[in-house]
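Observations on the model geometry
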Amino acid sequence: VLFVAIRLEADARTIELDPQSMANIAWAWASLCLQDEPLLDAIAEASQAKIAVLNAQDLSNSAWSFARLAVSHLPLWEAMAAQAIRKMKSLG
């Protein structure tokens, strides 16, 4: 019941969530091996839209989470890869 309540609240607010919150929710679900395709799709879409403001930790946590749950949201993976490359290049 708790996970259902969290999922419904998170799903309803995905667009409003900051990147760290989205990464944390994805990480929590992945840590518990909870497959929730509608929620993860919503987080993937929202994360993709905010990819430019994800810091390295949020990017890493999101990538790990989606990989752990075998989420194959290709546009998100492409956006995360491009953002990771930009972040690496900015290191010098």
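No experiment lies behind these values; they were computed from the predicted model shown. (Residues numbered from 1 in each chain as written. Predicted model: local features only at pLDDT ≥ 70, side-chain atom pairs only at ≥ 80, totals over all residues. Heavy atoms only, no water.)

Some thoughts on the nonpolar core
Ile-25, Ile-43, Ile-51, Phe-66, Leu-69 and Met-80 are the most contacted members of the largest nonpolar core, which has 20 residues in total. Only α2 (19–31), α3 (37–49), α4 (56–68) and α5 (74–90) provide two or more residues apiece to this core. Filtering out sequence-adjacent residues up to four positions away, Ile-51 remains in contact with Leu-59, Ala-79, Met-80 and Gln-83. (Core = buried A, V, L, I, M, F, W, Y, C linked by side-chain atoms within 4.5 Å. Buried < 20%, exposed > 50% of the residue type's maximum accessible area, 1.4 Å probe, protein only. Helix = DSSP H or I, 4+ residues; strand = E, 2+ residues; numbered from the N terminus. Contact = heavy atoms within 4.5 Å.)

Side note on α2
In this model α2 runs 18 Å from its N-terminal to its C-terminal C-alpha over 13 residues, within 8% of the 18 Å that 1.5 Å per residue would give. Among all positions in α2, only Pro-19, Met-22, Ala-23, Ile-25, Ala-26, Trp-29 and Ala-30 are buried. One face of α2 carries all of its buried residues, which in axial projection span an arc of 160 degrees. The backbone nitrogen of Gln-20 has a side-chain oxygen 3.1 Å away, supplied by the residue at the start of α2, namely Asp-18. At the exit of α2 stands Cys-33, carrying a positive phi of roughly 55 degrees. (Expected span 1.5 Å × (residues − 1). Arc of directions from axis to C-beta. Polar contact = N/O pair within 3.5 Å; in protein donor to acceptor, adjacent residues only side chain to side chain.)

Let's talk about the side chain of Asp-58
Looking at the secondary structure, you find Asp-58 in helix α4. The charged side chain of Asp-58 is buried without a salt bridge, its nearest counter-charge being Lys-87 at 8.6 Å. The residues touching Asp-58, leaving out its near neighbours within four places in the chain, are Pro-19, Gln-20 and Ala-23. (Lys, Arg positive; Asp, Glu negative; His and termini not counted. Salt bridge = Lys/Arg side-chain N within 4 Å of Asp/Glu carboxyl O.)

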